[in-house]
Amino acid sequence: TYKDGEFIQGATRGDGKIGEDVTQNLKTIRSIPLRLNNPVNLIAVGECWLSKNELIRINEQREKGGEVVFANTRNAAAGSIRQLDPKVVSERKLSSFIYDIDRIDEEMPKTQDKELDLLLSLGFKVNREHRICKDIREIEEFYKKWTKNKDKLDYGLDGIVIKINSKKI
């Protein structure tokens, strides 16, 4: 949540209704701006992620310390963001992708593509691997491409989100 462009609160999605306050931990993630490029009020939605290389580094440290290693980047990121000590979160070098605006005090973009452009212009990191597809064939091609290439990414990918570009209800 941002008030007048300043980051004021962040939470996990929790059970879908009530999340856990992780504000101090989110402030340690460099890709989450503490101040937006425009002083708007908004609620943005995204996800934190951990690079594969960072997972290797963390697991090597955990093994040396006799701790259980993380199974994958998603588990490590989820566990990291819920740490009680923001210093631990900072040391794990999480990143983020922001992909949606729940609320904004100015006109909401009319398309998903414009929403991502707005988020980017405000200073958020968005995943650049998105595409507007004209038909189901292009969606299938995009899906097949990422099924084949997902392991080449520096972060875990367990699926692809397909959205209608128009925000009309």
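None of the values given here were measured: they were computed from a predicted structure.

Colleague: Please explain the packing of aromatic side chains as it appears in this structure.
Modeller: Aromatic ring pairs are reported here in terms of the distance separating the ring centres and the angle at which the planes meet. Enumeration according to the criterion identifies 5 aromatic pairs in this entry. Centroid distance Y2 to F124: 5.4 Å. Interplanar angle 90 degrees. Geometry classified as edge-to-face. Highlighted residues: Y2 in strand β1 (residues 2-3) and F124 in the loop between α5 (112-122) and α6 (136-149), separated in sequence by 122 residues. We classify F124 as buried; its relative accessible area is 4%. On the basis of an interplanar angle of 50 degrees and a centroid distance of 5.0 Å, the ring pair of W49 and Y155 is categorised as tilted.

Colleague: Help me understand the environment of V22 in this model?
Modeller: Of note, V22 is situated in the loop between β2 (6-7) and α1 (23-26). Sequence separation between V22 and W146 is 124 residues, and the spatial gap between their C-alpha atoms is 31 Å. In contact with V22, other than residues within four places in its own chain, are G10, A11, T12, I81 and R82.

Colleague: Whenever I open this one, the pattern of salt bridges confuses me. Can you help?
Modeller: Where charged atoms from two side chains of opposite charge approach closely, those side chains can pair. In the structure shown here, the tally under the stated rule is 12 salt bridges. Note that E20 is salt-bridged to R82, the shortest N-O span being 2.8 Å. One end of the pair, E20, is in the loop between β2 and α1; the other, R82, is in the loop between α3 (73-81) and α4 (86-91), with 62 residues separating them in the sequence. Relative accessible area serves as the criterion here: at 30%, E20 is assigned to the partly exposed category.

Colleague: Looking at this structure, how should I read helix α2 (residues 52-64)?
Modeller: Taking 1.5 Å per residue, 13 residues should reach 18 Å; α2 reaches 19 Å between its end C-alpha atoms and fits that length. Of all the residues in α2, the buried ones are E54, L55, I58, N59 and R62. Each buried residue of α2 lies within a common arc of 130 degrees when the element is viewed along its axis, so the set occupies one face. Exposed positions of α2 whose direction lies more than 90 degrees from the buried face are N53, E63 and K64.

Colleague: Teacher, can you tell me more about the side chain of R62 here?
Modeller: With respect to the helices and strands, the residue R62 is situated in helix α2. Every residue in contact with R62, bar those within four places of it in the chain, is listed here: E67, V68, V69, F70 and R92.

Colleague: Sorry, what's going on with the confidence of the model for the protein here?
Modeller: Detail in the predicted coordinates should be disregarded across regions flagged by low pLDDT. On average, residues of the protein carry a pLDDT of 93, and 99% of them reach 70 or more. By mean pLDDT, the top-scoring element of the protein is β2 (98), and the lowest-scoring one is α3 (90).

Colleague: In this structure, what is going on with unusual backbone geometry? I would like to understand it.
Modeller: With the exception of glycine, the majority of residues adopt a negative phi angle, and the majority of peptide bonds are in the trans configuration. Phi is positive for D4, close to 50 degrees, though the residue is something other than glycine. With respect to the helices and strands, the residue D4 is situated in the loop between β1 and β2. For K93, which is not glycine, the phi dihedral falls at a positive 50 degrees. Looking at the element boundaries, K93 is found in the loop between α4 and β4 (95-104). By relative accessible area, which is 55% here, K93 ends up exposed.

Colleague: Hey, could you run me through the environment of C133 in this one?
Modeller: Along the chain, C133 falls in the loop between α5 and α6. Looking at C133, the relative accessible area reads 23%, which means it is partly exposed. In this structure the C-alpha to C-alpha distance between C133 and I81, which are 52 residues apart in sequence, comes to 33 Å. When sequence neighbours within four positions are dropped, the list of residues in contact with C133 reads E138, I139 and F142.

Rules behind the numbers
- Residues numbered from 1 in each chain as written.
- Predicted model: local features only at pLDDT ≥ 70, side-chain atom pairs only at ≥ 80, totals over all residues.
- Heavy atoms only, no water.
- Phe/Tyr/Trp six-rings, centres within 6.5 Å; stacked < 30°, edge-to-face > 60°.
- Helix = DSSP H or I, 4+ residues; strand = E, 2+ residues; numbered from the N terminus.
- Buried < 20%, exposed > 50% of the residue type's maximum accessible area, 1.4 Å probe, protein only.
- Contact = heavy atoms within 4.5 Å.
- Salt bridge = Lys/Arg side-chain N within 4 Å of Asp/Glu carboxyl O.
- Expected span 1.5 Å × (residues − 1).
- Arc of directions from axis to C-beta.
- pLDDT = per-residue confidence, 0-100.

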